[in-house]
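One-letter residues, chain by chain:
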Amino acid sequence: GENVEQHPSTLSVQEGDSAVIKCTYSDSASNYFPWYKQELGKGPQLIIDIRSNVGEKKDQRIAVTLNKTAKHFSLHITETQPEDSAVYFCAASSYGQNFVFGPGTRLSVLP
Amino acid sequence: NAGVTQTPKFQVLKTGQSMTLQCAQDMNHEYMSWYRQDPGMGLRLIHYSVGAGITDQGEVPNGYNVSRSTTEDFPLRLLSAAPSQTSVYFCASLPRWRAQETQYFGPGTRLLVL
């Protein structure tokens, strides 16, 4: 079955700097890759997603890149702000079947 | 729309007790699922349903039962609680099974088993 690894497990950046979180997946059939943000005491919320027919997607300060050959995808947050501090999860799915999640990255943005 | 709702928010159980975690969605979503979240392990799928009357096991189903009698509701039953079931439980739904769409998560239920 699918296995998703995520690095780093914790990340601290200065406000205004960029943050990058990387995930790798094992199943070449996976074709949908969402990223979730989880704030303390809340459920995960989608922040961006990418499908396998696209190599990059951007939404304001957030971007995701996908390398199907290497089976990895990354989340990029630019101009980080204190409100970006949260736990971020990547996930992989094959044709909308059950999602497999990475273990999460705790991002701290220091003022 | 209220989205995905879960009750209770917090629960303390003694070993051996049973309980039901409630989950409801008002978006007419086809697919619903239950995850548990443990430190350093991300979200692991317990059970899922692709429609009313249809349920299946996920990665960690032991000790849990589910049913889906309506599109809206997907309760999770702990048959005989164990300390290993101490976790945060999330219910999620998505519009269509086998579509490249994301899940919507509820706020979670924090469960402590003593």
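Relevant structure appears above.
Every residue gets a number counted from 1 within its own chain, in the order that chain's sequence is written. Starting at A for chains and at 1 for ligands, labels are handed out in the order in which the entities are written. At least 70 in pLDDT is required for a residue's local features to be given in this predicted model, at least 80 for side-chain atom pairs to be given and counted, and no such filter applies to totals for whole chains, interfaces and linings, which use all residues. Hydrogen atoms and water are omitted, and side-chain values are computed over all heavy atoms in the structure.

**Focus on the nonpolar core**
The condition that has to hold: To form a nonpolar core, buried Ala, Val, Leu, Ile, Met, Phe, Trp, Tyr and Cys residues must be joined to one another through side-chain atoms within 4.5 Å. A simple rule labels every residue: compare its accessible area, found with a 1.4 Å probe on the protein chains alone, to the largest value its type can have, and call it buried under 20%, exposed over 50%, or partly exposed in between. For the purposes of this entry, the term helix denotes a DSSP run of H or I that reaches at least four residues, the term strand denotes a run of E that reaches at least two, and both are numbered from the N terminus. Contacts between residues were defined by any pair of non-hydrogen atoms, one from each residue, lying within 4.5 Å.
In this structure, Trp35, Phe73, Leu75 and Leu107 of chain A are the most contacted members of the largest nonpolar core, which totals 23 residues. Elements that contribute at least two residues to this core include exactly strand E2 (10-14), strand E3 (19-25), strand E4 (32-38), strand E5 (45-51), strand E7 (62-67), strand E8 (72-77), strand E9 (86-92) and strand E11 (105-110) of chain A. If we skip the residues at most four places from it in the chain, Leu75 of chain A touches Ala19, Val20, Ile21, Trp35, Ile47, Ile48, Ile62, Ala63 and Tyr88 of chain A. The next biggest cluster of nonpolar side chains, apart from the first, holds 19 residues, and it includes Leu21, Ile46, Leu78 and Tyr89 of chain B.

**Some words on the interface of chain B and chain A**
For clarity, the cut-off: Throughout, the accessible surface (probe 1.4 Å) given up by two parts as they are put together, summed over both, is called the buried area. We count a salt bridge whenever a side-chain nitrogen from Lys or Arg sits within 4 Å of a carboxyl oxygen from Asp or Glu. Here a polar contact means two N or O atoms within 3.5 Å. Within protein one must be a hydrogen donor candidate and the other an acceptor candidate, and residues neighboring in sequence count only if both atoms are side-chain atoms.
Taken together, the contacts link 21 residues of chain B with 20 residues of chain A. For the pair chain B and chain A, the two sides together bury roughly 1700 Å², of which 53% comes from carbon and sulfur. On the chain B side of the contact with chain A, Leu43, Gln100 and Thr102 of chain B bury the most area, a combined 35% of that side's loss. Our count for the contact surface shared by chain B and chain A stands at 0 salt bridges. On the surface where chain B and chain A come into contact, there are 5 residue pairs in polar contact (both at pLDDT 80 or more). Mapped by element, the contributors of at least two residues to the side of chain B that touches chain A are strand E4 (31-37), strand E5 (43-51) and strand E9 (87-94) of chain B.

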